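Close look at the chain arrangement
If you want the building blocks of each chain, they are given just below.
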Amino acid sequence: MTALDISIAVRKIAALLHQKKVIEQVGDIYIVKTLSIFRNYIISFKLDQEFEEYTRGMDDRHCKSVVTWQGNKLVCTQEGEKKNRGWAHWTEDDKLYLELYCEGEVCKQVFKRMNS
C-alpha cells in the first residue's frame, strides 16, 4: 500500500479488516468483489479485453486494465500512473490466493473458503 501512496491511517484500518472475496462469472463477464465493513470494491470485466478502471476507495487512480488466464491464475495488468501494477488470483485446496503488485512491491493475501 505504500507503493500506492495510501495514507498511514487507511493502511492501519486495512490491516485490521476481515475482507471477504467473491469471484463470480455471469456468461462471459467476471465480477470480483472485495467486501469489508470499511469499504467495498467491485470490478467487472471480460477476459482479454482492455477496460477503464477507477480504483475508487483504494488509491483513487484511473488505469487501463486487462485480465487474462495465465495457467491456473487470473492475472490483471494495469497501466497508468504507477508502473508494474496489477494482481493475480488463484486457488489451491480450499484457499484463494491474491498477490497485488506495484512498482516492485508485492502484497500477499490468503482467503479461506466459506461454506455457502
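Before reading on, note that the structure itself is shown above.
Below or above, wherever it landed, is the structure these notes cover. (Residues numbered from 1 in each chain as written. Predicted model: local features only at pLDDT ≥ 70, side-chain atom pairs only at ≥ 80, totals over all residues. Heavy atoms only, no water.)

Notes on the overall build of the protein
Each helix and strand in the protein was counted, giving 1 helix and 9 strands. Listed N to C, the secondary structure of the protein is α-β-β-β-β-β-β-β-β-β in terms of helices and strands. Relative to its 116 residues, the protein shows a buried fraction of 34%. A separation of at least 24 residues holds for 18% of the contacts in the protein among residues at least 6 apart in sequence. As displayed, the protein has an accessible area near 7900 Å², and 51% of this comes from carbon and sulfur atoms. (Helix = DSSP H or I, 4+ residues; strand = E, 2+ residues; numbered from the N terminus. Buried < 20%, exposed > 50% of the residue type's maximum accessible area, 1.4 Å probe, protein only. Contact = heavy atoms within 4.5 Å. Areas by Shrake-Rupley, 256 points an atom, 1.4 Å probe, with all protein chains shown as cover.)

Considerations on empty space enclosed by the protein
For the coordinates displayed, the defined rule picks out 1 cavity of 30 Å³ or more. Considered as a void within the structure, the largest cavity measures approximately 30 Å³ in volume. Residues belonging to the lining of the largest cavity are distributed by class as follows: 1 nonpolar, 2 polar and 5 charged. (1 Å grid on protein atoms, 1.4 Å probe; cavity = no way out; pocket = protein on both sides within 12 Å on 5 of 7 lines; lining within 4 Å. Points joined across faces, edges and corners; volume = space filled by probe spheres on them. Nonpolar A, V, L, I, M, F, W, Y, C, P; charged D, E, K, R; others polar.)

With respect to the nonpolar core
Counting residues in each nonpolar core, the largest one holds 13 residues, and the members touching the most others are Ile43, Phe45, Val67, Leu74 and Trp87. Elements that contribute at least two residues to this core include exactly strand 2 (29-35), strand 3 (41-46), strand 6 (73-80) and strand 8 (95-102). Considering each element in turn, this core owes the most residues, 3 residues, to strand 3. For phenylalanine 45, the contacting residues outside a window of four places in its chain are Asp28, Ile29, Tyr30, Val32, Phe51, Val67, Leu74 and Trp87. (Core = buried A, V, L, I, M, F, W, Y, C linked by side-chain atoms within 4.5 Å.)

Examining unusual backbone geometry
With the exception of glycine, the majority of residues adopt a negative phi angle, and the majority of peptide bonds are in the trans configuration. Unusually for a residue other than glycine, aspartate 48 sits at a positive phi of about 65°. Secondary-structure assignment places aspartate 48 in the loop between strand 3 and strand 4 (51-54). Judged by its relative accessible area of 58%, aspartate 48 is exposed. Even without glycine at this site, glutamate 103 takes up a positive phi of about 50°. Of note, glutamate 103 is situated in the loop between strand 8 and strand 9 (105-112).

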